[in-house]
2 protein chains.
Amino acid sequence: MNDHPSAALAAFAAKLRAEDIPAAVLRRSEDLFLDWLGSTLAGKSARAVQAIERYALAMGPTLRNGDAGGAEVLISRRLTSPHFAAMVNAAASHVVEQDDVHNGSVFHPAAVVFPAALATAQATGASGREFLAAAVAGYEVGIRVGEFLGRPHYRIFHTTATAGTLAAAAATGRLLGLDAETMLHAFGSAGTQAAGLWEFLRDAADSKQLHCAHAASAGLASAWLARDGFTGARRILEGEQGMAAGMSSDADPARLTVGLGERWATAETSFKYHASCRHTHPSADALLALMREHRLGADDIAEVKARVHQGAIDVLGRVVVPATVHQAKFSMGTVLGLVAEFGYAGLDEFDRHFVAPRVAEFRDRVAMQLDAEVDAAYPQRWIGKVQVRTRDGRILDARVDQPKGDPGNTLSRAELEDKARRLAAYGDAATPAEMGTLIAGVWALERTPHIGRLLGT
Amino acid sequence: MNDHPSAALAAFAAKLRAEDIPAAVLRRSEDLFLDWLGSTLAGKSARAVQAIERYALAMGPTLRNGDAGGAEVLISRRLTSPHFAAMVNAAASHVVEQDDVHNGSVFHPAAVVFPAALATAQATGASGREFLAAAVAGYEVGIRVGEFLGRPHYRIFHTTATAGTLAAAAATGRLLGLDAETMLHAFGSAGTQAAGLWEFLRDAADSKQLHCAHAASAGLASAWLARDGFTGARRILEGEQGMAAGMSSDADPARLTVGLGERWATAETSFKYHASCRHTHPSADALLALMREHRLGADDIAEVKARVHQGAIDVLGRVVVPATVHQAKFSMGTVLGLVAEFGYAGLDEFDRHFVAPRVAEFRDRVAMQLDAEVDAAYPQRWIGKVQVRTRDGRILDARVDQPKGDPGNTLSRAELEDKARRLAAYGDAATPAEMGTLIAGVWALERTPHIGRLLGT
């Protein structure tokens, strides 16, 4: 009865203990948590995020220190119920596009896993070690669900939103101590609420924040409801009227369970270096490498061909002239223009320069082109290839096999700390001293007996 | 910019005034509201509904009379925020399978429209007339979205859950006074949260209640967020990466706008007579007609062929031996067994007799068969055809063209009052005296200056 893929995945998530997880993976989960905290704090002042916090304020309770079961909204330092803390923190964590991504699944795990796990851990007083194990459970589940749903799914659906409900349910369920059977019910409730369409991209609408908010809160709700006896479909992923049947066309159930307990997908997750859609990073790094190698400035470049996979064209293809900073993060031309001009496409570079004349001129010199090798390697590998025609008539090529932040080219803890500090400062959401305390707390998580407030007093 | 179907539908919902709605349609919306109240009260003691109320209690605020912005959970008479009142009332309203249905869209409007509209009307102090206009806006939108998504959608997705988010957003947005542009944003946020898969049916899981809860609360949230400036996709329904692209295969955008302001889909909505899935009703009524005409008892019948449309086979086909009352409502054999035995498949009949030996024996004499005429007429018309082989060797046929409760064979106000009273008594959720007051209040809605509490004191 429990030998089908959904059940095997649920059993894995329910039974995963911290002692089963390699130390390097636990350390990586701390890295990922710090990276998520920075991303979330950076989202503090975004209009869409503040609207969701106002909604949470209107619809949810505001609790006081000492009230049972509270969880922290990081951007406002308000205590509320786990449902709404997860909702707002998730909305905040993805908006500056600096949160992590798993290449193979094209899934942003942190934005949905940590909001649900942190809210539940705070409300239940879980230990840091339990919290990390729960986060790993969420990553392993969400990544496999994303891989299972695959590329046809991602063409229309925002995988972080859809696979995200299951990832959030897995992390939450692990913290609530659900057994395998109950976890499977949580999966059923989560999967039947999985939603999120890419249509918003062409209008530069706020939906991405809603997608994360929805996935984290719906996934959290699914696990809490399951603990209370609420049942769900047993084959929500692979069943005849399940997620893949409705929202994919090449889903392979074997992908759900391959290497469970041996392959740690958590550790395959990439950190974002540039503050843009991950689909732009390989080209950006390739362009940087090319400019360094040939000592070119932006003015030396007449034309750039970014040779990409089809998924990049699907997601980025629509944005020609970006109307907002957020949309600019999905504009290949803008990203390459910033990189060419400043050597880096960070939050400040976007905010100050995304429509600067020189960047806009460069943008118009960029075109994307489907590349068979890049496309075949994707999504397991995100190869970056660019071809540049220089003003003086040379045709130059460059490639990177692992963009900065990928597992094989990852960020050091010093780089992660620096990134988190910059993000918090960008959001004006924590002082340098607070960030010092927060960072030390993350590195000490495994020895923390109870996860308490992170920022509020 | 606003001439595409999503925008036209949003503009219609935003601009619909009570004075534009024919009196007969307003009267029908009162009928539908009373019918919904009964269905919701009947759901009071269902385990899944109580779990959702406990979740709402844990995660949402509990308000007092006089607190600003409260809305009523009908089954517990608790005041909370509109988000959670909509969530719990929606969960309650569909569980006994007695709520209304629109045939052409295979959509249960009441279960998602009224929870969102009532919660918002109570929180904002709207008038009864505004409330009715908002409900009609929700019905007109949800039904057209269901028709648009069509049969390929319904094969995998629970249309009440998916189209329901837009229906709830339309009704809520109308009450919040959103203009056409803002309503379109609400649609975008609602549509990108649209979810709900049929997979749960084969496990008799609780997801149907979650689907309604999710649709009503997510739709409500979308409209409240839109009022606060939160934006959504402009073509969430018909866009290249919108709902139809992801979740249907024959969606025709013309269906979204045909007859807006002229054809009142609200008035096409059917009331349920039997307490089972609507797909069983045509066959049940045809069998009843046949038994009456030929004066047969259950024991005279050796075999029944229920001649049905494909949608009935898709939804009902899986349930062979029902394990729960809820699953029995999706068992054609059980429904026909109850009808043959008792002349009616009501809530009490299901509760007491769904596995009774005589009913189970009859169930095993029933088979479904795809019928070309029935299938071609569906979903515009739900024709019932049965063929019976009697113990004495006769082959008898019967048909009904409009099952009881359909617009052409509707329930009178006396029948609706009686049904609501029976439902409230079944749920042990209101006294006969309270139901008298409630019923009178519904018939006086159009003259009610502010929608207040319906049951709590």
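Report follows, based on the coordinates. (Residues numbered from 1 in each chain as written. Chains lettered and ligands numbered in written order. Predicted model: local features only at pLDDT ≥ 70, side-chain atom pairs only at ≥ 80, totals over all residues. Heavy atoms only, no water.)

### Overview of the interface of chain B and chain A
Taken together, the 61 residues of chain B in the interface contact 61 residues of chain A. Taken over both partners, the interface formed by chain B and chain A buries close to 4800 Å², and the fraction arising from carbon and sulfur atoms is 58%. When the buried area of chain B at its contact with chain A is split by residue, Met59, Phe230 and Gln241 of chain B rank highest and sum to 16% of it. Run the count over chain B and chain A and you get four salt bridges. In this structure, the salt-bridge partner of aspartate 228 of chain A is arginine 54 of chain B, at a minimum N-O distance of 2.7 Å. Our count for the chain B to chain A interface comes out at 27 residue pairs in polar contact (both at pLDDT 80 or more). For the side of chain B that touches chain A, the secondary structure elements donating two or more residues are α3 (47–59), α4 (82–93), α6 (128–156), α8 (180–191), α9 (207–227) and α10 (243–247) of chain B. (Contact = heavy atoms within 4.5 Å. Buried area = accessible area lost by both parts, 1.4 Å probe. Salt bridge = Lys/Arg side-chain N within 4 Å of Asp/Glu carboxyl O. Polar contact = N/O pair within 3.5 Å; in protein donor to acceptor, adjacent residues only side chain to side chain. Helix = DSSP H or I, 4+ residues; strand = E, 2+ residues; numbered from the N terminus.)

### Points about the relation of the copies chain B and chain A
The transform that puts chain B on chain A rotates by 180 degrees and translates by 0.0 Å along the axis, for an RMSD of 0.1 Å. In short, the pair behaves as if placed about a two-fold rotation axis. Both copies contact each other with a shared surface, as 100% of the interface residues of chain B are interface residues in chain A too. (Least-squares fit on C-alpha atoms with pLDDT ≥ 70 in both.)

### Some points on the pattern of salt bridges
All names here are of chain B. Here the structure, examined in full by the defined rule, presents 76 salt bridges over all chains. Where glutamate 30 meets arginine 27, a salt bridge forms, and the shortest distance between an N and an O atom there is 3.0 Å. Here glutamate 30 pairs with arginine 27, and both are found in helix α2 (residues 23–42), just three residues apart, close to one helical turn. Here glutamate 30 falls in the buried class, since its relative accessible area comes to 1%. Judged by its relative accessible area of 28%, arginine 27 is partly exposed. In this structure, glutamate 415 and lysine 404 form a salt bridge, with 3.3 Å as the shortest nitrogen-oxygen distance. Of the two residues, glutamate 415 sits in helix α18 (residues 413–427) while lysine 404 sits in the loop between β6 (395–400) and α18, which places them 11 residues apart along the sequence. (Buried < 20%, exposed > 50% of the residue type's maximum accessible area, 1.4 Å probe, protein only.)

### A closer look at the sheet that holds strand β5 (residues 384–390) of chain B
Residue and element names in this part refer to chain B. Spatial strand order, β4-β3-β5-β6: four strands in an open sheet with mixed pairing. Among the strands making up the open sheet, the edge pair consists of β4 (366–370) and β6. Strand-to-strand twist in this sheet, taken as the mean axis angle between neighbours without regard to direction, amounts to 25 degrees. Note that β5 and β6 share six bridges and pair antiparallel. Residue arginine 389 lies in a different strand from β6, and its bridge partner there is isoleucine 395. Helix-sheet contacts for helix α11 (residues 281–293) involve β3 (301–308), β5 and β6, and the interaxial angle to β5 is about 45 degrees. (Pairing = 2+ DSSP bridges. Axes fitted to C-alpha atoms, helices over the stretch in contact; angles between N-to-C directions.)

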